[in-house]
Amino acid sequence: MSDHEQQQSAPRRGKVLEALARAERKAFTRPAPKSANAQVKFLLTRAKEVDQGPG
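First, a word on scope: everything that follows refers to the structure included in this document. No experiment lies behind these values; they were computed from the predicted model shown.

## With respect to the overall build of the protein chain
Phase 1: A count of helices and strands for the protein chain gives two helices and zero strands.
Phase 2: Buried positions account for 2% of the 55 residues belonging to the protein chain.
Phase 3: Carbon together with sulfur atoms contributes 58% to the accessible area of the protein chain, which is approximately 5,300 Å² in total.

And the structure:
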(Lines give C-alpha, C1' and ligand atoms only; values in the text may rest on other atoms or scores of the structure.)
Protein backbone atom coordinates (compact mmCIF):
# COMPACT_ATOMS: atom_id res chain seq x y z
CA MET A 1 0.00 0.00 0.00
CA SER A 2 1.46 3.36 -0.98
CA ASP A 3 1.67 6.39 1.32
CA HIS A 4 -1.08 8.06 -0.69
CA GLU A 5 -3.44 5.07 -0.24
CA GLN A 6 -2.75 4.95 3.49
CA GLN A 7 -3.49 8.66 3.85
CA GLN A 8 -6.81 8.22 2.04
CA SER A 9 -7.90 5.19 4.06
CA ALA A 10 -7.27 6.85 7.43
CA PRO A 11 -10.01 9.51 7.04
CA ARG A 12 -12.44 6.87 5.78
CA ARG A 13 -11.65 4.65 8.77
CA GLY A 14 -12.31 7.62 11.06
CA LYS A 15 -15.66 8.27 9.42
CA VAL A 16 -16.64 4.62 9.75
CA LEU A 17 -15.67 4.56 13.43
CA GLU A 18 -17.64 7.77 14.05
CA ALA A 19 -20.70 6.29 12.31
CA LEU A 20 -20.44 3.12 14.40
CA ALA A 21 -20.19 5.16 17.60
CA ARG A 22 -23.27 7.20 16.61
CA ALA A 23 -25.23 4.03 15.82
CA GLU A 24 -24.23 2.49 19.14
CA ARG A 25 -25.30 5.59 21.08
CA LYS A 26 -28.61 5.66 19.25
CA ALA A 27 -29.25 1.97 20.02
CA PHE A 28 -28.50 2.36 23.72
CA THR A 29 -30.24 5.69 24.28
CA ARG A 30 -33.63 4.89 22.84
CA PRO A 31 -36.51 5.45 25.25
CA ALA A 32 -37.77 2.50 27.26
CA PRO A 33 -41.04 0.95 26.09
CA LYS A 34 -44.13 2.06 28.01
CA SER A 35 -46.32 -1.05 28.06
CA ALA A 36 -45.48 -4.16 30.05
CA ASN A 37 -45.61 -6.38 26.94
CA ALA A 38 -43.26 -4.08 25.04
CA GLN A 39 -40.87 -3.96 28.01
CA VAL A 40 -40.72 -7.76 28.23
CA LYS A 41 -40.18 -8.09 24.48
CA PHE A 42 -37.43 -5.46 24.60
CA LEU A 43 -35.65 -7.17 27.50
CA LEU A 44 -35.89 -10.62 25.91
CA THR A 45 -34.46 -9.28 22.66
CA ARG A 46 -31.56 -7.68 24.53
CA ALA A 47 -30.94 -10.89 26.49
CA LYS A 48 -30.76 -12.90 23.25
CA GLU A 49 -28.28 -10.40 21.79
CA VAL A 50 -26.07 -10.71 24.88
CA ASP A 51 -26.22 -14.53 24.82
CA GLN A 52 -25.22 -14.66 21.15
CA GLY A 53 -22.30 -12.33 21.62
CA PRO A 54 -20.49 -10.49 18.86
CA GLY A 55 -20.14 -11.96 15.39
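## A closer look at a nonpolar patch on the surface
Phase 1: The grouping of V16, L17 and L20 at the surface amounts to a nonpolar patch, some 300 Å² of accessible area in total.
Phase 2: Accessibility expressed as a relative area gives 48% for V16, which makes it partly exposed.

## Focus: helix 2 (residues 36-52)
Phase 1: The end-to-end C-alpha distance of helix 2, which contains 17 residues, comes to 24 Å, matching closely the 24 Å that a straight helix rising 1.5 Å per residue would cover.
Phase 2: Counting buried residues along helix 2, only zero of its 17 residues qualify, which leaves the element largely exposed.

## As for the pattern of salt bridges
Phase 1: For the structure on display, the rule yields one salt bridge.
Phase 2: Here E49 makes a salt bridge to R46, at a shortest N to O gap of 3.3 Å. Placement of the pair is E49 and R46 together in helix 2, with a separation of three residues, close to one helical turn.

What counts, and where the lines are drawn
Residues numbered from 1 in each chain as written. Predicted model: local features only at pLDDT ≥ 70, side-chain atom pairs only at ≥ 80, totals over all residues. Heavy atoms only, no water. Helix = DSSP H or I, 4+ residues; strand = E, 2+ residues; numbered from the N terminus. Buried < 20%, exposed > 50% of the residue type's maximum accessible area, 1.4 Å probe, protein only. Areas by Shrake-Rupley, 256 points an atom, 1.4 Å probe, with all protein chains shown as cover. Patch = residues over 30% accessible without salt bridge, like charges linked within 9 Å, V, L, I, M, F, W, Y side chains within 5 Å. Salt bridge = Lys/Arg side-chain N within 4 Å of Asp/Glu carboxyl O. Expected span 1.5 Å × (residues − 1).

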